[in-house]
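Structural features, examined
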Amino acid sequence: MLRLLSRQVVTQLEIRRDLLRLEQRLLQREQEYLSLNAYLQSLEDKLAAAQQQSLTDPLTGVFNRRGFALRLSEEIERARRYQVTLALLLIDVDHFKQYNDTFGHLADDKALRMIAQLLSEGCRKHDIIARYGGEEFAVILPATAGDGAQILGERLRRLVQMAAWPLHPLTISVGGAVLQPEITDEHDLLTRAGSALYQAKAQGRNTCVIIA
């Protein structure tokens, strides 16, 4: 009886020991799982930040040309799917080469940052601003028809004209187009907005022309 009892006690102790080891392993595995999840989340955050940086203009903080192209394609698809209006503005800083030649690259960069800030202040929260190239900017206007694009284009033009420029006054020319059924893709919309911008420049600059 005593030998049998002692064997049962030993067996129970061994079982408890094994259970303790198993619990420790489970806790260790859980900690490893949590650490792995944290590592994967860190990688995802870094990837998202890298993707955002690849779509952002480092000088002005708005979308760059790549980001603009992606967003324009998305907004055109959304406008087609839900049958809503969409407009696009192309903006060129008037006589910017002369400004650059006169005041240099540092003043050039500061002016472009100020232009981007003014556009951000003048646009609505859902509007999408991008630096299209050099001294050119673009603004995608979701759910906006021709009259709305004209009003917003004029607002942006006045904001730049009336700004307190530290070295020399700057103005912008604005050309815009509205998505129409015959426009097949973003290239057609860009071409039409570019034609409107050319008209604005031909009219003496510091003006806004919208092709509805």
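Residues numbered from 1 in each chain as written. Predicted model: local features only at pLDDT ≥ 70, side-chain atom pairs only at ≥ 80, totals over all residues. Heavy atoms only, no water.

Right, let's get into the nonpolar core. Leu89, Ile91, Ile115, Val139, Leu156, Trp165 and Ile172 are the most contacted members of the largest nonpolar core, which has 31 residues in total. Counting residues per element, the ones that place at least two in this core are strand 1 (86-93), helix 3 (96-122), strand 3 (136-142), helix 4 (146-162), strand 4 (172-178) and strand 5 (208-211). The element best represented in this core is helix 3, accounting for 9 residues. Ignoring anything within four residues of it in the chain, the contact list for valine 139 reads Ala87, Leu88, Leu89, Ile91, Cys123, Asp127, Ile128, Ile129 and Leu156. Tyr132, Ala138, Ile140 and Ala177 belong to the second largest nonpolar core, which has 21 residues in total. (Core = buried A, V, L, I, M, F, W, Y, C linked by side-chain atoms within 4.5 Å. Buried < 20%, exposed > 50% of the residue type's maximum accessible area, 1.4 Å probe, protein only. Helix = DSSP H or I, 4+ residues; strand = E, 2+ residues; numbered from the N terminus. Contact = heavy atoms within 4.5 Å.)

Between helix 2 (residues 65-82) and helix 5 (residues 186-202), whose axes approach to 10 Å, the crossing angle comes to 105°. Here helix 2 is positioned roughly perpendicular relative to helix 5, judged by the angle of their axes. Within the contact between the two elements, helix 2 uses Phe68, Leu72, Ser73 and Ile76 and helix 5 uses Glu186, Leu189 and Leu190. Split by residue class, the contact of helix 2 with helix 5 holds 5 nonpolar, 1 polar and 1 charged. (Axes fitted to C-alpha atoms, helices over the stretch in contact; angles between N-to-C directions. Parallel < 35°, antiparallel > 145°, perpendicular 65-115°, else oblique. Nonpolar A, V, L, I, M, F, W, Y, C, P; charged D, E, K, R; others polar.)

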